[in-house]
Amino acid sequence: MIITNIKKLITHKTVNISSKICTYKDICIGINRGKIVKLNTDFKLNRIKNEEVIDAKGKAVIPGLVECHTHTVFGGDRIDDFERRSRGLTYMDILKAGGGINHTVKCTRESRDSELIKTGLERVRKFTANGITTLEIKSGYGLSVKDELRLLKIIGRIKDESDIDIIPTFLGAHTFPPEYRENRDKYVDIITDTMLPLVRKNNLSEFCDIFCEEGAFNLAQTERILKAAKKLGFRLKIHADQLTNSGASLLAAKYRCISADHLDKTDRKSILALRKAGTTAVLLPYATLFTGHREYALAREMLDNGLRVAISTDFNPGSSYTFNLFFCATLGITQMRMTVEEALMAITINAAYALGLERKKGTIETGKDADLIILNTDDYREIFYNPDPALINTVISKGKVVFRNR
Ligand code: NIG
Ligand code: FE
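Residues numbered from 1 in each chain as written. Chains lettered and ligands numbered in written order. Predicted model: local features only at pLDDT ≥ 70, side-chain atom pairs only at ≥ 80, totals over all residues. Heavy atoms only, no water.

Colleague: How should I be thinking about the pairing of strand β14 (residues 372-375) in this particular structure?
Modeller: Within a regular strand, the side chains alternate between the two sheet faces. Side chains of β14 alternate between two faces, with Leu372 and Ile374 and Ile373 and Leu375 buried alike. Where β14 lies against strand β15 (residues 392-397), four bridges are found, and the strand directions are antiparallel. Opposite Ile373, over in β15, you have Val395 as the bridge partner. (Buried < 20%, exposed > 50% of the residue type's maximum accessible area, 1.4 Å probe, protein only. Helix = DSSP H or I, 4+ residues; strand = E, 2+ residues; numbered from the N terminus. Pairing = 2+ DSSP bridges.)

Colleague: Whenever I open this one, the pattern of salt bridges confuses me. Can you help?
Modeller: Side chains that differ in sign of charge can pair as their charged atoms come close. Tallied over the entire structure, the rule returns 28 salt bridges. In this structure, Arg87 engages Glu83 in a salt bridge whose closest nitrogen and oxygen atoms are separated by 3.2 Å. Look at Glu83 and you get partly exposed, because its relative accessible area is 40%. A salt bridge links Asp147 to Arg150; the shortest N-O distance between them is 3.1 Å. (Salt bridge = Lys/Arg side-chain N within 4 Å of Asp/Glu carboxyl O.)

Colleague: Any chance you could explain the coordination of the iron ion (ligand 2) here in plain terms?
Modeller: When a metal carries six donors in an octahedron, the ideal angles between them are 90 or 180 degrees, while four donors in a tetrahedron ideally lie at 109.5 degrees. Coordination of the iron ion (ligand 2) by the protein is provided by His69 (NE2), His71 (NE2), His239 (NE2) and Asp314 (OD), with metal-donor distances spanning 2.1 to 2.5 Å. Donor residues binding the iron ion (ligand 2) come from one chain and are separated in sequence as H-x1-H-x167-H-x74-D. Taken together, the positions of His239 in strand β10 (residues 235-240) and Asp314 in the loop between β13 (309-311) and α12 (325-335) put the pair 75 residues apart, joining distant regions of the chain. Residue classification places Asp314 among the buried residues on the basis of a relative accessible area of 2%. (Donors = N, O, S within 2.8 Å, 3.2 Å for Na, K, Ca; no water.)

Colleague: I tried to follow the site of ligand 1 on my own but got confused; where do I start?
Modeller: Taken together, 15 residues surround ligand 1, and among them Arg78, Tyr91, Tyr141, Gln242 and Ser319 come closest. With respect to ligand 1, the side chain of Tyr141 contributes an N or O atom lying 2.6 Å from an oxygen atom. Within the side chain of Ser319, an N or O atom sits 2.6 Å from an oxygen atom of ligand 1. Bound to the protein, ligand 1 loses 100% of the 320 Å² it would expose on its own. Structurally, ligand 1 is housed in the largest cavity. Split by residue class, the shell around ligand 1 holds four nonpolar, nine polar and two charged. (Near = heavy atom within 4 Å. Polar contact = N/O pair within 3.5 Å; in protein donor to acceptor, adjacent residues only side chain to side chain. Areas by Shrake-Rupley, 256 points an atom, 1.4 Å probe, with all protein chains shown as cover. 1 Å grid on protein atoms, 1.4 Å probe; cavity = no way out; pocket = protein on both sides within 12 Å on 5 of 7 lines; lining within 4 Å. Sits in = over half its atoms within 2 Å of the grid points. Nonpolar A, V, L, I, M, F, W, Y, C, P; charged D, E, K, R; others polar.)

Colleague: Please explain the environment of Gly247 as it appears in this structure.
Modeller: Along the polypeptide, Gly247 turns up in the loop between β10 and α8 (248-254). In this structure Gly247 comes out as buried when scored by relative accessible area, which is 18%. Separated by 79 residues in the primary sequence, Gly247 and Pro168 have C-alpha atoms spaced 26 Å apart. Ignoring sequence-local partners within four residues, the contact set of Gly247 consists of Leu219 and Asp241. (Contact = heavy atoms within 4.5 Å.)

Colleague: What exactly am I supposed to notice about the nonpolar core here?
Modeller: Most often, soluble globular proteins have nonpolar side chains that are buried together. Core analysis: the largest hydrophobic core is formed by 100 residues, its most contacted members being Phe217 and Leu283. The greatest single-element share of this core, amounting to seven residues, is contributed by helix α6 (residues 184-201). Residues lining this core come from more than one domain, with at least three contributed by each of domain 1 (2-63 + 363-404) and domain 2 (66-353). Beyond its immediate stretch of four places on either side in the chain, Phe217 contacts Ala173, His174, Thr175, Phe176, Tyr187, Val188, Ile191, Ile210, Phe211, Cys212, Thr222 and Ile225. Cys68, Ile167, Ala310 and Tyr353 belong to the second largest nonpolar core, which has 17 residues in total. (Core = buried A, V, L, I, M, F, W, Y, C linked by side-chain atoms within 4.5 Å. Domains from an automatic or database assignment.)

Colleague: Explain the packing of aromatic side chains here, please?
Modeller: To describe a pair of aromatic rings, you give the distance between the ring centres and the angle between the ring planes. Counted under the stated rule, the structure contains 16 aromatic pairs. Ring centres 5.0 Å apart and planes at 80 degrees place the aromatic pair Phe127 and Phe323 in the edge-to-face group. Of this pair, Phe127 sits in helix α4 (residues 113-129) while Phe323 sits in the loop between β13 and α12, and the two are 196 residues apart along the sequence. Residue classification places Phe127 among the buried positions, given a relative accessible area of 0%. Judged by its relative accessible area of 10%, Phe323 is buried. Each ring, one from Phe326 and one from Phe384, has its centre 5.7 Å from the other, and the planes form 80 degrees; the classification is edge-to-face. Note that Phe326 is positioned in helix α12 and Phe384 in helix α15 (residues 382-385), a separation of 58 residues in sequence. Look at Phe326 and you get buried, because its relative accessible area is 2%. Through a chain of ring-to-ring contacts, the aromatic side chains of Phe74, Phe127, Tyr141, Phe315, Tyr321 and Phe323 assemble into a single cluster. Over the aromatic face of Phe74 sits the side chain of Arg123, whose NZ or CZ is 3.8 Å from the ring centroid. (Phe/Tyr/Trp six-rings, centres within 6.5 Å; stacked < 30°, edge-to-face > 60°. Lys NZ or Arg CZ within 6 Å of the ring centre and 35° of its normal.)

No statement about biological role is implied by the geometric values presented.
Below, the structure written as structure tokens:
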């Protein structure tokens, strides 16, 4: 495949400490077997017969987006929670009263596999139409051995049926299920002694994530799970400092987690610790907005201290219902003082780092997967200024057109 007539190709480099973008003008991209093989000004001479040619019509091309933190597979909805919050209850009030995540757990357990696969695939298509070519999906609404494994298998089925890349993450430590509300340490035992080994044995996920928060897993319980997961060879992630500054991100640094996510309440000391540990900060500003909180993560301070910052939707039924990753990046710019270049980096190469995929994904460089977006504008900044999926023309994943705007 060749993509011709690209007015501007915008990309970061994989190894690039600064956020400066590279712009190539009037260029073509050569793709072979799903990989980028050439960036050139003229392909006419060595064009292979019958090769598919896509005309970018003088518009801009950017890397396909990497969405590194979602809870895409669940049953039911949380419209009631949303309404309760409108009457003054907080996300935490609802969680502590056994609602919130546990309401979704109940609906998910009651849903058939076929229903979860169907709604999951519909959501994957919505992500694709929003420019996403790599999508992480967490379990976490099963919260029993049977249902957590079932969810990871369902995510595997969705992966097999999707054109974009899906990365499953085990989140058995999302909250305590009702059966173990009075005996929390027993549930932690089940995670460490049964769930984690089974997830590993069945090759269902490389990642283990934990919601470390008041009302969810405390620091000691989180550390027990981290230790067990590390021993089994999982790569580690923590939902850290979302609602309170509990020291979760210091723990993420101690265990050299691949990412620490949320970080709305993270302080300077923890920022420096994360930076030293090489952890990627995954910020989820739409969750902040959607739950009515006003304090966003200190992205400017993180960036100024050399911490790698990614942005994600956190798509889930309770705290963040959006597929629009560009809009989340716009929040990064308007609410967290990031530059447009930093925001692009946060939803491409830095998000790839949060999944350990930086060598394959997140930039347009030869040898990488051909994951690209052809925009309907020649000025890539426009899609942050006006984060409307109508500005996406074509989405290509591993050299295959997976979405075309009509
Ligand atoms: O990332 N914080 C915990 N987990 C999700 C919310 C899940 C839910 O409310 O269903 C989050 O915000
Ligand atoms: Fe989350």
